[in-house]
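Fold and geometry: a report
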Amino acid sequence: MIRLLIAILFTLLGQVSFAGDEMSQWFEQLKRNGDVDDLYKVLYAMPKGGDLHSHSSGSVFAEWWYELALAQEENGYTYYTKTRISNCRGYGGNEFDDPYLMYFINIQESNWKRLNKCEQGEYKRLSGLTEVEKVAWQNSIRLDKPYEGRNEFFQTHWQRLGDLVRNPYLATEAVARNIKAFSAEGVMYMEPDFNPYGAVHPDGSRISPEEVADILRVRLKQKDIMETGMEIRFQLAALRFLPTALKDLKRNYEFAAGNRDLWVAVDLVGREDDGKGYPGRFLQTFRELRRQIHGIRLSIHGGEVDEPNRHVRDTLILGAERIGHGINLISDPDLMLLMRGGPYLVEINLVSNLLMKYVDDYSQHPFPEYLRLGIPVALSTDDRGMWDSTMTDEFFVAVKEFNLSWGEVKQLSRDSLKFSFVDENIKQEMLDLYEKRIAAFERKMIRGNEIRKIKTECRGFIRKQYHLCGKK
Ligand SMILES: [Zn+2]
């Protein structure tokens, strides 16, 4: 009897792994066939885990910004954008904080009214742009030209957005759009940063961070969002090189601790080649905060830089559980040795790293080395609005450039959930749901004839870089 039971058990186990094996072979065949559009469709429809690294205001597609900004007229916000420079200012001014010589900076009406007549004449109401201006406006916040790189991104894109990022209704609606779009491509969990500070009413008066949190809470409970089933938590990022960075970090930590239902972690962001933001600067502040506040998780950008340095190591010393980017970890083999098998995860942003030119091409990217040496990694989208890309694109690049096996593809999704900062019980529910969904997906794919039924949504990055989906 016992022998019979054992035999049955082995037969059942055999069937489970047989389905997995069959899918692995099916996936190898799919790659060998060489039809990249088919591969893209499969990766689009495939259930995915979480996106652990994205920035709310950098994740809004240019046409969304335009639509959402105009829709805000209903809430009393009217936007103006700079379409002319008439040399109204007799001096250069501070071009970082208050750039003058830049087209398509966006301001709301209350600020436009404060300008002198000459400067007012340089702006046009956003709703009044011609078709040509509208396209140019949208292109001004995409990293879409070969000569554009990190300088364009860090020094013009964010400045251009201007007052658009100070409207909490617009920001919340942008999060809602991302939830729906990510959910449509099979993502189950998101952990973007979202900043509740500096928000204003149409008349320019302040909206407190607590009010912004409530606006976000209300929107996330609405039916269209609940129906996606997406789990979402937020991080709070501080710009690391600012003179106020230590104060900002403290403020973020305290705000997250007071709003734990939504905010679970803090982050440090901003260019690392600006030495003022080096990780060690924050060590004492983190220690001080940890003395008083429990349970705030740390996912910190580290090693998003060209030259070898100790940033990843020093970021782990700060207490980070996850490292954002970690490109130059490859230059610290001793640390890699320590990171094999966990407990830290590196958030990999393949599209971002290429467009920001941290790698010239994917043969230079350390991702496969981390993955195959057993350092936990997950794929994420960073500032997808500016790259015009999706989560599927990240998986496509990974599979295409590094010949990922089906098992590796699943491991990336599992690790993205395992290293998320949600409560353990919700995490386990998500992991169970992922297993159910991926098993159902495998059965469907193996049955055959499914690929042609899949409808994808292709964005600019994948069309341009890989000529997919009928290049436009
Ligand atoms: Zn980032």
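These remarks concern the structure in this document. All residue numbers here refer to positions counted from 1 along the written sequence of the relevant chain. In keeping with the model being predicted, local features are shown solely for residues with a pLDDT of at least 70 and side-chain atom pairs are shown and tallied solely at 80 or more, while totals for entire chains, interfaces and linings include all residues. Hydrogens and waters are ignored; side-chain quantities use all the structure's heavy atoms.

1. A short note on the coordination of the zinc ion
The rule for donors is simple: an N, O or S atom within 2.8 Å of the metal counts, and for Na, K and Ca the reach is 3.2 Å. Water is not among the atoms, so a site may look short of donors. Of the protein atoms, only His53 (NE2), His55 (NE2), His301 (NE2) and Asp382 (OD) coordinate the zinc ion, at distances of 2.1 to 2.2 Å. When four donors show all angles between 85 and 135 degrees the site is tetrahedral, when four or six donors have opposite pairs over 155 degrees and all other angles between 65 and 115 it is square planar or octahedral respectively, and in every other case it is irregular. In this structure, the zinc ion is coordinated by 4 donor atoms arranged in irregular fashion, with angles at the metal of 85 to 171°. Considered as a linear motif, the donors of the zinc ion on their single chain read H-x1-H-x245-H-x80-D. Here the residue His301 occupies a position in strand β9 (residues 297-302), and Asp382 occupies one in the loop between β12 (377-379) and α17 (384-387), the gap between them amounting to 81 residues. A relative accessible area of 3% places His301 in the buried class. For each residue, the accessible area found with a 1.4 Å probe, counting protein chains only, is set against the maximum for its type, and the residue is called buried under 20%, exposed over 50%, and partly exposed in between. Using a relative accessible area of 3% as the deciding quantity, one classes Asp382 as buried. A run of H or I in DSSP becomes a helix once it reaches four residues, and a run of E becomes a strand once it reaches two; helices and strands are each numbered from the N terminus.

2. Looking at helix α8 (residues 168-184)
Between its terminal C-alpha atoms α8 stretches 24 Å, which fits the 24 Å expected from 17 residues at 1.5 Å a residue. Among all positions of α8, only Pro168, Leu170, Thr172, Ala174, Val175, Ala176, Asn178, Ile179 and Phe182 are buried. Two N or O atoms count as a polar contact when they lie within 3.5 Å, although within protein this holds only if one can serve as hydrogen donor and the other as acceptor, and sequence-adjacent residues are included solely when both atoms are side-chain atoms. With a side-chain oxygen lying 2.9 Å from the backbone nitrogen of Tyr169, the N-terminal cap of α8 falls on Asn167. Gly186 sits one or two positions beyond α8 and adopts a positive phi of about 90°. Here the expected length of a helix is defined as 1.5 Å per residue gap, with one fewer gap than residues.

3. Digging into unusual backbone geometry
Going from Gly342 to Pro343, the amide bond is cis rather than trans, its omega being 5°. Despite not being glycine, Asn449 has its phi angle at roughly 65°, a positive value. Considering the arrangement of structural elements, one finds Asn449 in the loop between α20 (424-447) and α21 (460-466).

Worth remembering: the numbers are spatial, not functional.
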